[in-house]
Amino acid sequence: MSETTDATTDATAVENPPGTAVGNTVGNTGREPRPARTRRIHRAWFVAAVTFVTIIGAAAFRSLPGLLIDPLHQDFGWSRGTIGAAVSVNLALYGLTAPFAAALMDRFGIRRVVAVALIVIALGSGLTVWMTAAWQLMLCWGLLVGLGSGSMALAFAATVTNRWFTERRGLVTGILTAASASGQLVFLPLLSWIVETHDWRPAAVTVALAALAVVPFVWLLLRDHPADVGLKPYGATEFVPKPPPVPGAARRALTVLFQAARTGPFWLLAGTFAICGASTNGLIQTHFVPAAHDHGMPVTAAASLLAVIGVFDVVGTIASGWFTDRFDARRLLAVYYALRGVSLLFLPMLLGPSVHPPMIFFIVFYGLDWVATVPPTVALCREHYGEDSAIVFGWVLASHQVGAALVAFLGGVARDVFGEYDMVWYASGALCAAAALMALVIRRRPAAPPLAAA
């Protein structure tokens with residue numbers, strides 16, 4: 001075949017990528033046109049699936065802190081405030097690492113950052129088996145697991161969504177956010193059974209192995225950008241070239257913070273998300289099991305209730321993503337926080353030695369609202385901060401974890417001082433009411449004016 005014919009064939013292949021019908025090429029090649037191929041599932045959905053599984057594996061460690069408070073208190077005599085302090089370091093670093101991790105993903109790629117983060121999580125969790133002092137708990141569970149988990153935070157999901165999707169972003173954000181709850185669902189009953197039957201150390205080893213098991217999936221299947229495989233983002237009308245690596249990850253993360261901090265929406269989003277963290281990770285995830293145990297409920301029963309929260313969290317978060325694609329994100333946030341606050345005010349009256357229908361209603365209701373706040377928060381970050389939205393969301397997530405860390409620590413101190421958790425439930429309910437009002441104050445970004453006719 002001549003070079004001219006080869007060039008024509010190559011040009012046709014570029015203009016008509018696989019999966020599209022080739023035009024009338026009989027005159028050019030002498031062949032009959034081939035029928036259009038069956039439309040394939042876009043690679044973005046496979047990347048989202050790998051991300052989902054990755055977050056599930058990394059979420060195993062998040063199921064454990066609430067199960068360790070009583071066993072560590074009994075084994076080492078450490079106060080609940082001391083144990084809560086270690087959990088608070090973990091939660092704070094989980095958030096503070098996130099914006100830098102988002103910038104590192106822009107510099108070194110998603111795959112490398114996530115694989116290293118999973119290894120660090122496994123290392124920190126595994127080393128707790130040999131600890132004998134409280135400072136070692138701070139180092140292993142607080143520092144190492146906190147840093148690793150921060151790199152696997154929701155900024156990871158936001159980065160994947162922003163790069164691989166231009167349509168269905170709200171839905172995909174909801175699905176990836178729900179992965180964390182799914183990890184809790186998968187591991188919490190298992191870990192509670194291990195703690196009750198075999199002690200807390202085998203549970204820590206299980207978390208380490210779960211994190212390591214995900215590393216091969218990340219390295220072999222995850223891709224950093226659609227351009228790496230010659231594709232457009234899902235829903236895009238034009239090919240998007242892969243941006244060059246961005247040097248100075250720390251400098252960029254801080255620069256984006258300083259720029260965002262000059263705007264009102266950033267502080268409102270950060271404030272509402274701090275309350276979100278205080279009323280979920282810091283409060284329920286850390287203190288629900290020991291609080292229920294204070295009222296005579298078995299640890300396995302209380303842990304199973306948290307797992308049920310994980311079930312309905314998946315439903316609620318995906319539904320929230322669907323709503324975010326269609327409704328005002330500010331109003332959605334206000335509704336979510338208001339309903340969460342009301343439910344927390346009723347919780348002290350529901351705790352008891354057995355599981356009864358009102359408690360089940362609370363678990364279902366609270367589960368639907370657990371992290372339903374994430375899709376509208378990500379959408380508002382994207383609306384106001386564009387290409388920097390993943391890093392801005394990382395800083396907003398940092399505030400989420402700072403709020404969680406404060407309540408994880410103060411909740412343990414309150415239990416030591418007052419002998420119960422009631423004051424913590426009421427205070428968190430009041431904070432949620434304030435968050436609902438803050439969400440309504442966030443201004444909408446004005447639409448860009450149409451270009452003037454030439």
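Treat the numbers as computed from the prediction; the structure is a model and nothing was measured.

A.B. asks: Looking at this model, I keep getting lost on the overall build of the protein. Mind explaining?
C.D. replies: A tally of regular secondary structure across the protein gives 19 helices and zero strands. Per-residue burial over the protein gives 53% buried out of 454 residues. Sequence separation of at least 24 residues holds for 82% of the intrachain contacts in the protein that already meet a minimum separation of 6. Accessible surface, the protein: about 19900 Å² in total, of which carbon and sulfur atoms supply 66%.

A.B. asks: What is the right way to look at the pattern of salt bridges in this model?
C.D. replies: Applying the stated criterion across every chain, the model contains six salt bridges. Residue Asp328 is joined to Arg330 by a salt bridge in which the shortest nitrogen-to-oxygen separation is 2.8 Å. Comparing Asp328 with Arg330 shows no difference in burial state: the two are buried. Linked through salt bridges whose partners overlap, the residues forming this network are Asp75, Asp199 and Arg201.

A.B. asks: Mind showing me how you'd approach the environment of Thr286 here?
C.D. replies: Here Thr286 lies in helix H13 (residues 281–294). Sequence spacing of Thr286 and Leu68 is 218 residues, and the spatial spacing of their C-alpha atoms is 9.4 Å.

A.B. asks: For this particular structure, what's the right way to read the nonpolar core?
C.D. replies: In a soluble, globular protein the nonpolar side chains are often hidden away together inside. Counting 87 residues, the largest nonpolar core has Leu64, Leu67, Ile284, Phe288 and Met359 as its most contacted members. Examining the composition of this core, we find that nine residues originate from one element, helix H18 (residues 389–418), more than from any other. Not counting chain neighbours up to four residues away, the residues in contact with Leu64 comprise Trp141, Leu191, Val195, Ala203, Ala204 and Val207. Ranked by size, the runner-up nonpolar core spans 30 residues in total, among them Ile110, Ala115, Ala117 and Leu222.

A.B. asks: Would you take a moment to explain the packing of aromatic side chains for this structure?
C.D. replies: How two aromatic rings sit relative to each other is given by the distance of their centres and the angle of their planes. Scanning all chains against the criterion turns up twelve aromatic pairs. Between Phe273 and Phe393, the ring centres sit 5.8 Å apart and the planes meet at 55°, which makes this aromatic pair tilted. Here Phe273, found in helix H12 (residues 264–279), pairs with Phe393, found in helix H18; they are 120 residues apart in sequence, far enough to count as distant. Residue Phe273 is classed as buried on the basis of its relative accessible area, which comes to 0%. Taken together, the aromatic side chains of Trp45, Phe165 and Tyr234 make up a single cluster linked through ring pairs. Positioned over the ring face of Trp219 is Arg111, at 4.6 Å from the centre of the ring.

A.B. asks: Got a minute to help me understand the confidence of the model for the protein in this structure?
C.D. replies: Low pLDDT means the predicted atomic positions in that stretch should not be read closely. With 84% of its residues at a pLDDT of at least 70, the protein reaches an overall mean of 78. When mean pLDDT is compared element by element in the protein, H12 scores highest at 91, while helix H1 (residues 3–15) scores lowest at 42. A low-confidence stretch, residues 447–454 stays under pLDDT 50, and its non-local contacts, those more than four residues away or across chains, total zero contacts.

A.B. asks: Explanation requested: helix H5 (residues 80–108) in the structure shown.
C.D. replies: Helical geometry note: an α-helix holds 3.6 residues per turn, so side chains three or four residues apart project in the same direction. Along its 29 residues, H5 runs 40 Å from first to last C-alpha, staying within 8% of the 42 Å computed at 1.5 Å per residue. Counted residue by residue, H5 has 21 buried out of 29 residues, so it is predominantly covered. Directly beyond the C-terminal end of H5, a positive phi value near 100° is found at Gly109.

A.B. asks: In this structure, what is going on with a nonpolar patch on the surface? I would like to understand it.
C.D. replies: A contiguous nonpolar surface patch, about 410 Å² in accessible area, is contributed by Leu96, Val402, Leu406, Phe409 and Leu410. Here the element with the most residues in the nonpolar patch is H18; it accounts for four residues. Secondary-structure assignment places Val402 in helix H18.

A.B. asks: Sorry, what's going on with the side chain of Thr161 here?
C.D. replies: Of note, Thr161 is situated in helix H8 (residues 154–164). Residue classification places Thr161 among the buried residues on the basis of a relative accessible area of 0%. If near-sequence neighbours (up to four positions away) are discounted, Thr161 is found in contact with Arg169, Val172, Thr173, Leu176 and Arg382.

A.B. asks: What is the right way to look at H18 in this model?
C.D. replies: Helix length check: H18, at 30 residues, gives a terminal C-alpha distance of 42 Å against a target of 44 Å (1.5 Å per residue), a fit within 8%. For H18, the tally of buried residues reaches 22 of 30 residues, placing the bulk of the element in the interior. Positive phi appears at Gly419, one or two residues downstream of H18, with a value of about 75°.

A.B. asks: When you look at the environment of Ser304 in this model, what are you seeing that I'm missing?
C.D. replies: Along the chain, the position of Ser304 falls in helix H14 (residues 299–324). Note on Ser304: relative accessible area 34%, which makes it partly exposed. As a C-alpha pair, Ser304 and Ser192 span 112 residues in sequence and 8.4 Å in three-dimensional space.

What counts and what doesn't
Residues numbered from 1 in each chain as written. Predicted model: local features only at pLDDT ≥ 70, side-chain atom pairs only at ≥ 80, totals over all residues. Heavy atoms only, no water. Helix = DSSP H or I, 4+ residues; strand = E, 2+ residues; numbered from the N terminus. Buried < 20%, exposed > 50% of the residue type's maximum accessible area, 1.4 Å probe, protein only. Contact = heavy atoms within 4.5 Å. Areas by Shrake-Rupley, 256 points an atom, 1.4 Å probe, with all protein chains shown as cover. Salt bridge = Lys/Arg side-chain N within 4 Å of Asp/Glu carboxyl O. Core = buried A, V, L, I, M, F, W, Y, C linked by side-chain atoms within 4.5 Å. Phe/Tyr/Trp six-rings, centres within 6.5 Å; stacked < 30°, edge-to-face > 60°. Lys NZ or Arg CZ within 6 Å of the ring centre and 35° of its normal. pLDDT = per-residue confidence, 0-100. Expected span 1.5 Å × (residues − 1). Patch = residues over 30% accessible without salt bridge, like charges linked within 9 Å, V, L, I, M, F, W, Y side chains within 5 Å.

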